[in-house]
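Residue-level structure breakdown
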Amino acid sequence: MFSSIFMTFAITLMYSTPLAFAAIGGVICERSGIVNIGLEGMMSIGAFTGVAVGYYTGSPWLGFLCGGLAGGLLALLHAVASITFMADQTVSGIAINLIGPGLSLFLSRLLFHGATTTLPVPKKLPKLINISSVNFNVDITVLLALIVVITAWFIMRRTKWGLRIRALGEHPAAVDTLGVSVYRSRYACVILSGILAGFGGASVTLAIISQFTPTAISGQGFIALAAVIFGKWRCSGAYLACLLFGFAQALVVVLGGGNLIIPSDILAMLPYILTIVVLILFVGNSSAPKASGKPYQKGSR
């Protein structure tokens, strides 16, 4: 009984961690006024880059950092399209979601002898807690994600930088009058969101499954986006939503390992069904930043 509870808790933390990285990135990006539905693509390129660098260098930490940088580079494309060229941010995000997985598969074939599944990394990221007697294993990325959440919450709610980010999403012209560059600030927020999403993808392949596969990132970016909405564009709310979605995935694993008559395909649908239900019930009660999705031109009001 206690072993099952500990295992469920550990799996919840494990699966919520990649979502938390991406969701916090989504909160920062959308609070600055840029819609980012490209989290899935950024997580995909981060997942592949993390494994590729980790495999060839033997260092999972270097792979983790490079995964974040890869996500940031892909986010830079989104920033250029959305901020500089004022393209439709939704269309740009969809393009990122196509580029990320496609580029990952192309590079995988190039670097791993034509295979779309990479070889396993020789060493995964370390465990923070490993108590095999009660099936309680917690990866170091769980702690890193929690640090990111707390740091982001503090910056957004208790510092002038956080105030400026929130103002960017509500009234960018007011920020402009203070002498703060709206363009540079939004660029920084979008790139930071990509770095965090890349960390989320790398945490999947370097801490959970140890290799990149075409389905390594399968909807997690969209679930993270749902967590942003469910959390009402707040860091704490988004993290709690990620824990909820992680718990749904934990139920899939725990119940799937039992002798229940529930088909495994039905169980696998649970996190996605929960995502749809949450959006139906709560999206009407959530208000996005007023300037979110609206291109800004200097001198406009």
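Everything numeric here is computed off the predicted structure, so don't read it as measured data.

1. Some points on the overall build of the chain
- When you go through the chain residue by residue, the secondary structure sums to twelve helices and two strands.
- If you list the helices and strands of the chain from N to C, you get α-α-α-α-β-β-α-α-α-α-α-α-α-α.
- Computed over the C-alpha atoms, the radius of gyration of the chain is 19 Å, within 12% of the 19 Å expected from 2.2 N^0.38 for a compact globule of 301 residues.
- Dimensions of the chain, computed from the C-alpha atoms along their principal axes, are close to 65 × 45 × 30 Å.
- Here the chain holds 301 residues, and 50% of them are scored as buried.
- Pairs at least 24 residues apart make up 78% of the contacts formed inside the chain by residues separated by at least 6 positions.

2. Some details on the nonpolar core
- Ranked by internal contacts, the top residues of the largest apolar core, which has 64 residues, are Ile24 and Phe245.
- Residue assignment for this core shows that the elements contributing at least two residues are helix H1 (2–31), helix H2 (39–57), helix H3 (60–84), helix H5 (140–158), helix H8 (182–208), helix H9 (220–230) and helix H10 (235–256).
- The residues touching Ile24, leaving out its near neighbours within four places in the chain, are Val148, Val149, Ala152, Leu196 and Cys235.
- In this structure, Leu168, Val175, Val180 and Val182 belong to the second largest nonpolar core, which totals six residues.

3. Some words on empty space enclosed by the protein
- As enumerated under the stated definition, the model contains two cavities of 30 Å³ or more in all.
- When its volume is computed, the largest cavity comes out at roughly 40 Å³.
- No other element matches H8, which puts three residues into the lining of the largest cavity.
- Classifying every residue of the lining of the largest cavity gives six nonpolar, one polar and two charged.
- Computed from the structure, the second largest cavity encloses a volume of approximately 30 Å³.
- As for the second largest cavity, its lining consists of Met14, Thr17, Pro18, Asp139, Thr141, Val142, Ser203 and Ile208.
- Going through the elements one at a time, H1, H5 and H8 are the ones with two or more residues in the lining of the second largest cavity.
- When residues of the lining of the second largest cavity are assigned to their parent elements, the largest contribution, three residues, is made by H1.
- Residue composition of the lining of the second largest cavity, grouped by class: four nonpolar, three polar and one charged.

Analysis parameters
Residues numbered from 1 in each chain as written. Predicted model: local features only at pLDDT ≥ 70, side-chain atom pairs only at ≥ 80, totals over all residues. Heavy atoms only, no water. Helix = DSSP H or I, 4+ residues; strand = E, 2+ residues; numbered from the N terminus. Rg over C-alpha atoms; globule rule 2.2 N^0.38 Å. Buried < 20%, exposed > 50% of the residue type's maximum accessible area, 1.4 Å probe, protein only. Contact = heavy atoms within 4.5 Å. Core = buried A, V, L, I, M, F, W, Y, C linked by side-chain atoms within 4.5 Å. 1 Å grid on protein atoms, 1.4 Å probe; cavity = no way out; pocket = protein on both sides within 12 Å on 5 of 7 lines; lining within 4 Å. Points joined across faces, edges and corners; volume = space filled by probe spheres on them. Nonpolar A, V, L, I, M, F, W, Y, C, P; charged D, E, K, R; others polar.

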